[in-house]
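Residue-level structural notes
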Amino acid sequence: MNKDNALYGIIGLLAGLIIGYVATNSINRSTPSAVPEPVGARSTAQIPADHPPTAGDATAAGGMQGEVAATIERANAAPQDFEAQMKAGDLYYQIKRYDQALEFFQRAQKVKPADFNALVSLGNVSFDLDRFPEAAQWYEQALKLQPKDVNVRTDLGLAYYLRAPKETDRAIANFRISLRYDPRHEKTLQNLITALIDKGETADARESLAQLEKVNPDNQALAQFRAKLNSL
């Protein structure tokens, strides 16, 4: 699964506390479309001559669309070109066309089966397609190459937690591994607390909550965690 994406509606009052995020090759997302649509030209009659270019500049938008189209065309024409497949996959991922992104990332991974970025990208796009078992498999392969990557490890935990049926114990185990490498990783702590509360391990949840408070006293989830724990 840029990778920070809030996941809502997980367990009642804890809605919004699970945080999924894509790692390594994460990019910002925009409006879904096969390729970015050109921005319609707007009247510039009232814009001063020295004003910087506007977002509605049709020429710039057309140039951007042409560049995107050329990237995708290159990828389709050269399926063995690893970089071309990754770039095309990233473009489709950016506009939330996950099925198309998956196809290009799969091509890239066939060219370089053990490439860390390709494996993570496959995990991310599978995650965003809600294919959590598949996402976990890709993340696991990536972690064999870079086992200390905290972001990927935490996403693996989320893939276990969000699948049906959820595998809370495996999620917690991976969150704890992430925290061995980075004890102050805020979003991992937040996810761990959510999973611990869900499992009913309130003592461990309170301990992790204390750690989260030290890491970031302004974390917006703190009040919800306290309220939930006080209700148990």
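Residues numbered from 1 in each chain as written. Predicted model: local features only at pLDDT ≥ 70, side-chain atom pairs only at ≥ 80, totals over all residues. Heavy atoms only, no water.

1. Examining the overall build of the chain
Filter applied, for reference: Strands are runs of DSSP state E lasting at least two residues, helices are runs of H or I lasting at least four, and both sets are numbered from the N terminus onward. Only protein chains enter the accessibility calculation, which uses a 1.4 Å probe. A residue is then buried if its area is under 20% of the maximum for its type, exposed if over 50%, and partly exposed in between. Reported accessibility uses the Shrake-Rupley method at a 1.4 Å probe radius. Residues are deemed covered only where the shown protein chains occlude them.
Within the chain, the secondary structure is distributed over ten helices and two strands. Starting at the N terminus, the α and β elements of the chain follow one another as β-β-α-α-α-α-α-α-α-α-α-α. For the chain, with 232 residues in total, the buried portion stands at 44%. Surface summary for the chain: the accessible area is close to 11,800 Å², and the carbon and sulfur share equals 49%.

2. What about unusual backbone geometry?
In the segment running from A164 into P165, the intervening peptide bond is cis, with an omega of -5°. With respect to the helices and strands, the residue P165 is situated in the loop between α6 (150–162) and α7 (168–181). We note that D130 has phi near 65°; this positive angle belongs to a residue other than glycine. Its location among the elements puts D130 in the loop between α4 (116–128) and α5 (132–145).

3. Focus: the packing of helix α8 (residues 186–199) against helix α9 (residues 202–215)
The following threshold applies: Helix axes use the C-alpha atoms of the stretch in contact, all axes being lines fitted to C-alpha atoms, and the angles between their N-to-C directions lie in the range 0 to 180 degrees. An angle below 35 degrees is treated as roughly parallel, one above 145 as roughly antiparallel, one from 65 to 115 as roughly perpendicular, and anything else as oblique. The handedness criterion is simple: a crossing whose near helix is rotated anticlockwise from the far helix by less than a right angle is left-handed, and one whose near helix is rotated clockwise is right-handed. In what follows, residue pairs with any heavy atoms lying within 4.5 Å of each other are defined as contacts. Polar here means any residue other than Ala, Val, Leu, Ile, Met, Phe, Trp, Tyr, Cys and Pro, which are nonpolar, and Asp, Glu, Lys and Arg, which are charged; Gly is therefore polar.
Relative orientation of the contacting elements α8 and α9 amounts to 160°, with a least axis distance of 9 Å. The angle between α8 and α9 falls in the class roughly antiparallel. Of the two elements, α8 crosses α9, and the hand of that crossing is left-handed. Between α8 and α9, the residues in contact are E186, L189, Q190, L192, I193, L196 and I197 and D204, A205, S208, L209, Q211, L212 and V215, respectively. For the contact of α8 with α9, the per-class residue count stands at nine nonpolar, three polar and two charged.

4. Things to note about the confidence of the model for the chain
Short version of the rule: The pLDDT score gives, residue by residue, the confidence of the prediction method on a 0 to 100 scale.
Looking at the chain, the pLDDT average stands at 79 and 72% of residues meet or exceed 70. Predicted confidence is poor over residues 1–15, with pLDDT under 50, and the contacts of this stretch with residues over four places away or in other chains come to 60 contacts. In the predicted structure, residues 20–64 sits below a pLDDT of 50 and forms 88 contacts with residues beyond four places in sequence or in another chain.

5. Structural notes on the pattern of salt bridges
For clarity, the cut-off: Salt bridges are identified by distance alone: a Lys or Arg side-chain nitrogen within 4 Å of an Asp or Glu carboxyl oxygen.
By the definition in use, this model includes ten salt bridges. In this structure, R176 and D204 form a salt bridge, with 3.7 Å as the shortest nitrogen-oxygen distance. Here D204 lies in helix α9 and R176 lies in helix α7, a separation of 28 residues in the sequence. Two residues, E201 and K199, come together in a salt bridge whose shortest N-O distance is 2.9 Å. Given a relative accessible area of 41%, K199 falls into the partly exposed group. Each of E140, R163, E167 and R170 takes part in salt bridges that share partners, so that together they form one network.

6. Observations concerning the packing of aromatic side chains
Worth spelling out the cut-off: The pairing test for Phe, Tyr and Trp rings, Trp by its six-membered ring, is centres within 6.5 Å, and the orientation test on the planes gives stacked under 30 degrees, edge-to-face over 60, and tilted for anything in between. The rule is short: NZ of Lys or CZ of Arg within 6 Å of the ring centre and within 35 degrees of the ring normal puts a charge over the ring.
Here the structure, examined in full by the defined rule, presents three aromatic pairs. Seen in terms of ring centroids, Y92 and F104 are 5.7 Å apart; in terms of plane orientation they differ by 10°. Their pairing is stacked. Of this pair, Y92 sits in helix α2 (residues 82–94) while F104 sits in helix α3 (residues 98–111), placing them twelve residues apart in sequence. Among the residues examined, F104 registers a relative accessible area of 4% and is labelled buried. Consider the rings of Y93 and Y98, whose centres lie 5.4 Å apart with planes at 55°: the pair is tilted. One exposure class covers both Y93 and Y98, and it is buried. Seen from the ring of F82, K112 lies directly overhead, with NZ or CZ sitting 4.6 Å from the centre.

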